[in-house]
Amino acid sequence: METIITGKGVHILFPKDCGNAPKKRLLIDALAAFIEGDHAELEERLDTDKVRLPSLPEGVREVKVHRVITHGKEAGIHLIIDFADRKQVEAGAFLSFRSAANNIISELDVLVMK
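Residues numbered from 1 in each chain as written. Predicted model: local features only at pLDDT ≥ 70, side-chain atom pairs only at ≥ 80, totals over all residues. Heavy atoms only, no water.

Draft legend 1. Inspection of helix α1 (residues 22-36) at higher detail. Here α1 contains 15 residues, and its C-alpha end-to-end distance of 21 Å stays within 8% of the 21 Å for a straight helix at 1.5 Å per residue. If you check which residues of α1 are buried, you get Lys23, Lys24, Leu26, Leu27, Ile28, Ala30, Leu31, Ala32, Ala33 and Ile35. Among the residues trailing α1, Gly37 stands out with phi positive, at a value near 75 degrees. (Helix = DSSP H or I, 4+ residues; strand = E, 2+ residues; numbered from the N terminus. Expected span 1.5 Å × (residues − 1). Buried < 20%, exposed > 50% of the residue type's maximum accessible area, 1.4 Å probe, protein only.)

Following this line, the structure appears as structure tokens:
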């Protein structure tokens, strides 16, 4: 696993192979921007007319990405969010890019498992 520590001190752990596939790393970087609330960075990666981001609860301490899968213009990410003051939350996201050659996220569906 590799680790990014955001400016807010949140640790993002992700599989090493994410660096070998540009779209996988793009998704990790977009996740970090989302956690940071970096709207400028997110606007470069999202079709803001189509994609609405969910709200992120306070107190995120760590995000462990178990797997990132990309194929053509489709992608999926499975992760666990660890909070400072409550139980972990397991989540998954399904994404579509504008095309296989384009890195703008045009669709996003997030599922939270309880």
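Now that the structure is up, let's keep going.
Draft legend 2. Layout of the environment of Ser55. Examined against the element boundaries, Ser55 turns out to sit in the loop between α2 (39-45) and β3 (60-71). Judged by relative accessible area, Ser55 falls into the exposed class, the value being 70%. Separated by 21 residues in the primary sequence, Ser55 and Phe34 place their C-alpha atoms 9.4 Å from one another.

Draft legend 3. Broad picture of the packing of aromatic side chains. With the rule as written, the count across this model stands at zero aromatic pairs. Sitting over the ring of Phe97, Lys23 keeps its end group 4.4 Å from the ring centre. Positioned above the aromatic ring of Phe83 is the side chain of Arg86, whose terminal nitrogen or guanidinium carbon lies 4.1 Å from the ring centre. (Phe/Tyr/Trp six-rings, centres within 6.5 Å; stacked < 30°, edge-to-face > 60°. Lys NZ or Arg CZ within 6 Å of the ring centre and 35° of its normal.)

Draft legend 4. Examining the pairing of strand β2 (residues 11-14) more closely. Note that strand β1 (residues 2-5) and β2 share four bridges and pair antiparallel. Across the sheet, residue Glu2 finds its bridge partner in β2, namely Phe14. Where β1 hands over to β2, the hairpin turn is made up of five residues, of which Gly9 adopts a positive phi near 85 degrees. Sheet topology places β2 next to β3; three bridges connect them, and they run parallel. The partner of Ile12 across the bridge, within β3, is Val63. (Pairing = 2+ DSSP bridges.)

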